[in-house]
Amino acid sequence: MLKIQNYINGQLTAPISKQYIDNYDPSTGKVYSLLPDSDELDVSQAVEAAKKAFPAWSMMPKDNRAAILLRISALIDQNLERLAKAESKDNGKPVSLARTVDIPRASSNFHFYATGILHYASHAHSMEDTAINYTLRNPVGVAGCISPWNLPLYLFSWKIAPALAAGNCVVAKPSEITPMTAYLLSELCIEAGLPPGVLNIVHGYGHKVGSAITAHPEIPLISFTGGTKTGAEIARVAAPMFKKLSLELGGKNPNLIFADCDYEAMLSTTMRSSFANQGQICLCGSRILIERSLYEKFKADFVAKTKKMTVGNPADDNTKMGAVVSKQHMEKILSYIELAKQEGGKILCGGERVMLEGGLADGYYIAPTIIEGLPYDCRTNQEEIFGPVVTIMPFDTEADALKYANSTIYGLASTVWTENLTRAHRIASELHTGIVWINCWLLRDLRTPFGGVKSSGVGREGGFEALDFFTEPKNVCIKLK
Ligand code: NDP
């Protein structure tokens, strides 16, 4: 059985403990590989390697750093099919999604920041003829990057690429639930000629490896994407050490649908924003708010379309809906469906585990689920479920829609469907989210600030914001006379 290895100081290495963790294929429920059960000793080794590599990497001309990152991007493209299949097997997502979204985006992340760093400039502030200030932006040293399982290589590379481009060395931990493509990336980094120690990937549990990265005194910066509870724990540990923190956390995103929307575009996009990646995208719209005059029509069409979605083998090219990531996560989602029923919700479709046949019989499949009849402030409508489960709710006025939309502790993303431009602008300014999509969803320009407000996070990724985060400004003031 394949044993995933850590990537430390340019080498693929076993964990110091020699212990491994079972890695499951969610489509079959069977163990198919092993990953290192690393601990703080492996993290310390990785930090030493990163510190050793830092002076040369940070002083390397940007063009040369960029060239190496572009080679990684090209190698991801060349290995698209292999990486897409690996991502699908590890995560349960349809291979078609991994092939068209996850892996191409991982390549783009490297490409974007390899070239972005060449255009990154710092400020100068003139005090007329008294003095001139210029601000240097230096890499911080060793960056800690911790990522989740829902978009494994996509989100892993979204952190690593800007950190490396800015001249930092990195100690990174992918989710223990989906380690495979990060492992394959380490092989590609070796092939691309990334100098030893510049990127170190330590596999294992969050409470061992993740917490060791967070607490390590020589990692002054942590970039984390994951659940809000874990984010709070990281903030608790990192705050007294005055670490720089970027936290991309959970969401409970509202979709606001007005009767004057482009109906067909709204309906097909709402199918995606509800169920893409089995609803396991932090940006999925899980609370669908519909203007009352459109409610019954939308409900009938949305339910009919959803009933036609078949859940199937993620490895099959035609599958649109695969497995959820783990048994534990499947149970969590099913428990929320039970909660919704207890809270008075009516299940319009789905609502149960799907049992496939043959080798897939023990896989973790859930039917896409639509629930109605719940108040906006019940737990089902307030807590993140992170699965193929959405609620639908009518609203009467714009004020009601905004009240429901803004009622949760989260504030990551929102989607508004209306052909009324004035209303679109008005609502966009009133929504308490870091991202607002008008008449679209998940349309991404990598230059834009990405992140949430309230319990959805602190800081922004994307564009020059990420390069600002991964560098420390130093102002130099020169008196002229
Ligand atoms: P978790 O918070 O459980 O885990 C995220 C990562 O943190 C994993 O690598 C995990 O390790 C690690 N970790 C766990 N405990 C600690 C700790 N004490 N110290 C340091 N690291 C730790 O999130 P999930 O993996 O379950 O991901 C789903 C969540 O991520 C959802 O809430 C989703 O909304 C959010 N998310 C947010 C995004 C955003 O951009 N805002 C994007 C995508 C997802 P382990 O491998 O052991 O779990």
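Residues numbered from 1 in each chain as written. Predicted model: local features only at pLDDT ≥ 70, side-chain atom pairs only at ≥ 80, totals over all residues. Heavy atoms only, no water.

J.: Just to check I follow, could you spell out the overall build of the protein chain for this structure?
T.: Within the protein chain one finds 15 helices and 25 strands. Its C-alpha radius of gyration of 23 Å places the protein chain within 12% of the 23 Å reference for a compact globule of 481 residues. Along the three orthogonal principal directions, the C-alpha set of the protein chain runs to about 70 × 65 × 40 Å. Considering only intrachain contacts with a sequence separation of at least 6, the fraction spanning at least 24 residues in the protein chain is 75%. Approximately 18900 Å² of the protein chain is accessible, and the part contributed by carbon and sulfur atoms is 56%. Mean positive and mean negative side-chain charge positions of the protein chain (48 and 49 charges, respectively) differ by 2 Å. (Helix = DSSP H or I, 4+ residues; strand = E, 2+ residues; numbered from the N terminus. Rg over C-alpha atoms; globule rule 2.2 N^0.38 Å. Contact = heavy atoms within 4.5 Å. Areas by Shrake-Rupley, 256 points an atom, 1.4 Å probe, with all protein chains shown as cover. Lys, Arg positive; Asp, Glu negative; His and termini not counted. Charge placed at Lys NZ, Arg CZ, Asp CG, Glu CD.)

J.: Honestly, the domain arrangement of the protein chain in this entry has me stumped. Any pointers?
T.: How large an interface is tends to be reported as the accessible area lost when its parts come together. With domains assigned, the protein chain is organised as domain 1 (2-249 + 456-479) and domain 2 (253-445). Taking the mean C-alpha position of each, domain 1 and domain 2 sit 30 Å from one another. If you look at the interface, domain 1 gives 26 residues, while domain 2 gives 31 residues. The three residues of domain 1 that bury the most area against domain 2 are S27, W149 and S456, which together make up 24% of that side's buried surface. Taken together, domain 1 and domain 2 are joined by 2 salt bridges. Its salt-bridge partner being D317, residue R99 comes within 3.1 Å of it at the nearest N-O pair. At the junction of domain 1 with domain 2, the criterion picks out 11 residue pairs in polar contact (both at pLDDT 80 or more). Mapped by element, the contributors of at least two residues to the side of domain 1 that touches domain 2 are α3 (80-91) and α4 (95-116). Grouping the amino acids of the side of domain 1 that touches domain 2 by side-chain chemistry returns 10 nonpolar, 11 polar and 5 charged. (Domains from an automatic or database assignment. Buried area = accessible area lost by both parts, 1.4 Å probe. Salt bridge = Lys/Arg side-chain N within 4 Å of Asp/Glu carboxyl O. Polar contact = N/O pair within 3.5 Å; in protein donor to acceptor, adjacent residues only side chain to side chain. Nonpolar A, V, L, I, M, F, W, Y, C, P; charged D, E, K, R; others polar.)

J.: Which parts of the structure should I look at to understand helix α7 (residues 206-215)?
T.: In an α-helix there are 3.6 residues to a turn, and that puts residues three or four apart on one side. When α7 is considered as a whole, its buried residues turn out to be V209, G210, A212, I213 and T214. On its buried face, α7 is in contact with α1 (40-59), β8 (142-146), β9 (169-173), β11 (221-225) and α8 (228-238). (Buried < 20%, exposed > 50% of the residue type's maximum accessible area, 1.4 Å probe, protein only.)

J.: Even after reading the chapter, I still don't get the site of the ligand, so can you show me in this structure?
T.: Near the ligand lie 31 residues; those nearest to it are E176, G206, T230, C282 and E384. One of the side-chain N or O atoms of W149 is found 2.8 Å from an oxygen atom in the ligand. When the free accessible area of the ligand is taken as 900 Å², the share hidden by the protein chains comes to 87%. Elements that contribute at least two residues to the shell around the ligand include exactly α7, β11 and α8. Its residues assigned to classes, the shell around the ligand comprises 13 nonpolar, 13 polar and 5 charged. When we break the shell around the ligand down by domain, the ones giving at least three residues each are domain 1 (2-249 + 456-479) and domain 2 (253-445). (Near = heavy atom within 4 Å.)

J.: Looking at this structure, how should I read the environment of P55?
T.: Positionally, P55 belongs in helix α1. P55 sits 209 residues away from E264 along the chain, and the two C-alpha atoms are 55 Å apart.

J.: I tried to follow the pattern of salt bridges on my own but got confused; where do I start?
T.: Once the charged atoms of two side chains with opposite charge are near each other, the side chains can pair. This model, assessed by the stated rule, comprises 23 salt bridges. Here E218 and K51 are joined by a salt bridge, their closest N and O atoms 2.7 Å apart. Separated by 167 residues along the polypeptide, E218 in the loop between α7 and β11 and K51 in helix α1 bring together distant segments of the chain. When its relative accessible area of 36% is taken as the criterion, E218 is described as partly exposed. The class of K51 is partly exposed, set by a relative accessible area of 32%.

J.: Could you clarify how one ought to interpret unusual backbone geometry in this entry?
T.: The phi torsion of most residues other than glycine is negative, and most of the peptide bonds are trans. Residue K18 is not a glycine yet carries a positive backbone phi of 65°. With respect to the element layout, K18 can be found in the loop between β3 (11-13) and β4 (20-25). Positive phi, normally seen in glycine, also occurs at F242, with a value near 55°. Following the sequence through the fold, F242 ends up in the loop between α8 and β12 (244-248). For F242, a relative accessible area of 75% translates into the label exposed.

J.: Please clarify how the sheet that holds strand β7 (residues 131-139) should be interpreted in this entry.
T.: Note: strands within a sheet are paired through backbone hydrogen bonds, in either parallel or antiparallel orientation. With respect to topology, 3 strands assemble into an open sheet ordered β6-β7-β25, the strand pairing being antiparallel. With partners counted over all chains shown, the strands left at the sheet margins are β6 (124-127) and β25 (471-479), one partner each. Pairs of neighbouring strands in the sheet enclose a mean axial angle of 20°, with direction left out of account. Sheet analysis places β7 next to β25, joined by 9 bridges and oriented antiparallel. In the strand pairing of β25, T135 is matched with N475. (Pairing = 2+ DSSP bridges. Axes fitted to C-alpha atoms, helices over the stretch in contact; angles between N-to-C directions.)

J.: Before we go on, may I ask you to explain the packing of helix α2 (residues 62-78) against helix α6 (residues 180-192) in this structure?
T.: Each pair of packed helices gets described by two things: the angle between the helix axes and the distance between those axes. Where α2 meets α6, the closest approach of the two axes is 9 Å, and the angle between their N-to-C directions is 130°. By the angle between their axes, α2 is oblique relative to α6. The two elements α2 and α6 cross, and the hand of that crossing is right-handed. Between α2, through I68, R71, I72, L75 and I76, and α6, the contact on the second element is made entirely by L185, L188, C189, E191 and A192. Grouping the constituent residues of the contact of α2 with α6 by class yields 8 nonpolar, no polar and 2 charged. (Parallel < 35°, antiparallel > 145°, perpendicular 65-115°, else oblique. Left-handed = near helix turned anticlockwise from the far one by under 90°.)

J.: Explain the packing of aromatic side chains here, please?
T.: Given two aromatic rings, one states the distance between the centres and the angle between the planes to describe the pair. One pass over the structure, following the stated rule, counts 9 aromatic pairs. Residues F112 and Y113 carry aromatic rings whose centres are separated by 4.9 Å and whose planes lie at 90° to one another, so their mutual orientation is edge-to-face. Overall, Y113 belongs to the buried group, its relative accessible area being 1%. The interplanar angle of 70° and the centroid separation of 5.1 Å between the aromatic rings of F258 and F395 together place this pair among those described as edge-to-face. One end of the pair, F258, is in the loop between β13 (253-257) and α9 (263-275); the other, F395, is in strand β19 (residues 389-395), and 137 residues separate them in sequence. Judged by relative accessible area, which is 1%, F258 ranks as buried. (Phe/Tyr/Trp six-rings, centres within 6.5 Å; stacked < 30°, edge-to-face > 60°.)

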